[in-house]
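This is what each chain is made of:
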Amino acid sequence: EAKASGRGRYMFFREEMDAGVRHRREIEADLRDALDAGDQLRIEYQPLYAAQSGQIIGAEALLRWQHPVRGMMSPATFVPIAEACGLINGIGTWVLERACADAVRLRLPSISVNVSAVQLRDEELAEEILGILKRTRLEPSRLEIEITETSFIESASACQATLVRLRAAGVRIALDDFGTGYSSFSHLRNFEVDRIKIDQSFVNGIDMRRGGSAIIRAIVDLAKASGMQITAEGVETDEQRDFLADAGCTSLQGYLLSRPLSPAAIAALLYRNPAIELRRAAMQ
Ligand code: C2E
Ligand code: MG
Ligand code: MG
Ligand code: MG
């Protein structure tokens, strides 16, 4: 009888199981297959432009998943699931290795890779990244890792050693989605980072009839005073670009300048970029 009621309860939970949970389990299983299949995951590269010269200074690696049935899935949907089920470590390693190899192959001046809070908690992460740099022969100074402000704050003490080790080797650290976490300003003073990326919600909020954006001006001034680079994300209009460049952002990223591109497309874009051509000529 106990067995029967246990089973009954099980059936009850199964039937009542939230559609969200079922969806998650499905995605999780499909993601495991995707890692094995090898041809569903790929990376697009979105260029970062120097705000003053307009030169391409590097690119951000953005993960793409072509799901066999659901079609293109956003990382905003599947990365949190991969984080929850532990798959993010394998996926993150794959992204790092591929992005570093592509940076060398495509001669990207610099490559930015998003690293999840879950990856940061892995004590082996720094050694793993340094191993990838050796294998791919990418100079450490050409790699930047992007950590969201929230994950940085939450795991600050746990990941401190990792970040110190990476920075000592020359790898740069960027705080992504800056301004969306709490106590943003106090954390700018306490931690050593090389760049902040102003979240696109602030860029969206720029209103030239109200003098642009006081918060962006304040963020830029403080970051500048701390010797940091400042990238604005999600730049979509000429007006936003002009305000951000004028406010002192050092680099800009957004659909106005370029969408995320396939490896072949960013290689072609770099090849056409005269500023990058000059740099190459000078290096020879
Ligand atoms: P993020 O790192 O803040 O990346 C910026 C996101 O804004 C990207 O979305 C990019 O395609 C999008 N974007 C760029 N310019 C514009 C614009 O002008 N307008 C608008 N509306 N959007 C723009 P995406 O590629 O969908 O990635 C979403 C998030 O997923 C990323 O936000 C990042 O947090 C995460 N992610 C992407 N790839 C990886 C990865 O390899 N590992 C990890 N852990 N997370 C990743
Ligand atoms: Mg990012
Ligand atoms: Mg961001
Ligand atoms: Mg984001």
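Quantities reported herein were computed from a predicted structural model and do not represent experimental measurements.

1. Some points on the overall build of the chain
Stage number 1. Counting its secondary structure elements, the chain contains 14 helices and nine strands.
Stage number 2. The buried share among the 284 residues of the chain stands at 46%.
Stage number 3. Accessible surface for the chain amounts to roughly 14,600 Å². Of this, 50% is attributable to carbon and sulfur atoms.

2. Let's talk about the side chain of Glu-144
Stage number 1. With respect to the helices, strands and loops of the structure, Glu-144 is situated in strand E5 (residues 143-148).
Stage number 2. With relative accessibility at 2%, the residue Glu-144 sits in the buried group.
Stage number 3. At 2.9 Å, the side chain of Glu-144 and the side chain of Arg-172 are in polar contact.
Stage number 4. Engagement of the side chain of Glu-144 in a polar contact is seen with the side chain of Arg-195, the distance being 2.8 Å.

3. What about unusual backbone geometry?
Stage number 1. You will see that Arg-107, though not glycine, has its phi angle at about 55°, which is positive.
Stage number 2. Mapped onto the elements, Arg-107 comes out in the loop between helix H4 (88-105) and strand E4 (111-114).
Stage number 3. Classification of Arg-107 as partly exposed rests on a relative accessible area of 48%.

4. Examining the coordination of the magnesium ion (ligand 2)
Stage number 1. Within the protein, the atoms that donate to the magnesium ion (ligand 2) are Glu-60 (OE), Asn-114 (OD1), Glu-146 (OE) and Asp-176 (OD), at distances of 2.0 to 2.3 Å.
Stage number 2. Sequence spacing among the residues donating to the magnesium ion (ligand 2) works out to E-x53-N-x31-E-x29-D.
Stage number 3. A separation of 4.2 Å is found between the magnesium ion (ligand 2) and the magnesium ion (ligand 3), both of which receive a donor from Asp-176. Here Glu-146, found in strand E5, pairs with Asp-176, found in strand E6 (residues 172-178); they are 30 residues apart in sequence, far enough to count as distant. With respect to burial, Glu-146 and Asp-176 carry one shared label: buried.

5. Some thoughts on the nonpolar core
Stage number 1. Formed by 74 residues in total, the largest nonpolar core has its most connected members in Tyr-45, Leu-108, Ile-111, Leu-143, Ile-145, Ile-196 and Leu-244.
Stage number 2. Residue contacts for Ile-111: discarding those within four places in its chain leaves Tyr-45, Ala-59, Ala-61, Ala-99, Ala-103, Leu-138, Arg-142, Leu-143 and Glu-144.

6. Section: the site of ligand 1
Stage number 1. Taken together, 22 residues form the shell around ligand 1, and within it Arg-64, Asn-114, Asp-176, Glu-236 and Tyr-255 come nearest.
Stage number 2. Within the contact set of ligand 1, an oxygen atom lies 3.0 Å away from a side-chain nitrogen or oxygen of Glu-60.
Stage number 3. About the coverage of ligand 1: the protein hides 83% of its 810 Å² of free accessible area.
Stage number 4. Of all elements in the fold, only strand E2 (56-67), helix H3 (75-84) and E6 reach the threshold of two or more residues within the shell around ligand 1.

7. Some thoughts on the environment of Phe-178
Stage number 1. Along the chain, Phe-178 turns up in strand E6.
Stage number 2. Taking relative accessible area as the criterion, Phe-178 reaches 1% and is therefore assigned buried.
Stage number 3. Put simply, Phe-178 and Asn-273 are 95 residues apart on the chain and 29 Å apart in space, counted from C-alpha to C-alpha.

8. Observations concerning the packing of helix H2 (residues 19-37) against H3
Working note: a packed helix pair is described by the angle between its axes plus the distance between those axes.
Stage number 1. Remark: H2 packs on H3, axes separated minimally by 10 Å, with the N-to-C direction vectors making an angle of 85°. Classified by the angle their axes make, H2 and H3 are roughly perpendicular. Together, Arg-24, Ile-27, Glu-28 and Leu-31 of H2 and Phe-78, Pro-80, Ile-81, Ala-82 and Ala-84 of H3 make up the contact between the two elements.
Stage number 2. Across the contact of H2 with H3, the residue classes tally to seven nonpolar, no polar and two charged.

9. What about the packing of aromatic side chains?
Stage number 1. One pass over the full model with this rule turns up one aromatic pair.
Stage number 2. Summarising the aromatic geometry, the rings of Trp-65 and Phe-78 are spaced 5.4 Å apart at their centres and angled 80° between planes, so their arrangement reads as edge-to-face. Taken together, the residues span a long stretch of sequence, with Trp-65 in strand E2 and Phe-78 in helix H3 at a distance of 13 residues. Like Trp-65, the residue Phe-78 is buried in the burial classification.
Stage number 3. In this arrangement the basic side chain of Arg-259 is found over the ring face of Tyr-255, its NZ or CZ atom lying 3.8 Å from the centre.

Here is what the cut-offs are and how they apply
- Residues numbered from 1 in each chain as written.
- Chains lettered and ligands numbered in written order.
- Predicted model: local features only at pLDDT ≥ 70, side-chain atom pairs only at ≥ 80, totals over all residues.
- Heavy atoms only, no water.
- Helix = DSSP H or I, 4+ residues; strand = E, 2+ residues; numbered from the N terminus.
- Buried < 20%, exposed > 50% of the residue type's maximum accessible area, 1.4 Å probe, protein only.
- Areas by Shrake-Rupley, 256 points an atom, 1.4 Å probe, with all protein chains shown as cover.
- Polar contact = N/O pair within 3.5 Å; in protein donor to acceptor, adjacent residues only side chain to side chain.
- Donors = N, O, S within 2.8 Å, 3.2 Å for Na, K, Ca; no water.
- Core = buried A, V, L, I, M, F, W, Y, C linked by side-chain atoms within 4.5 Å.
- Contact = heavy atoms within 4.5 Å.
- Near = heavy atom within 4 Å.
- Axes fitted to C-alpha atoms, helices over the stretch in contact; angles between N-to-C directions.
- Parallel < 35°, antiparallel > 145°, perpendicular 65-115°, else oblique.
- Nonpolar A, V, L, I, M, F, W, Y, C, P; charged D, E, K, R; others polar.
- Phe/Tyr/Trp six-rings, centres within 6.5 Å; stacked < 30°, edge-to-face > 60°.
- Lys NZ or Arg CZ within 6 Å of the ring centre and 35° of its normal.

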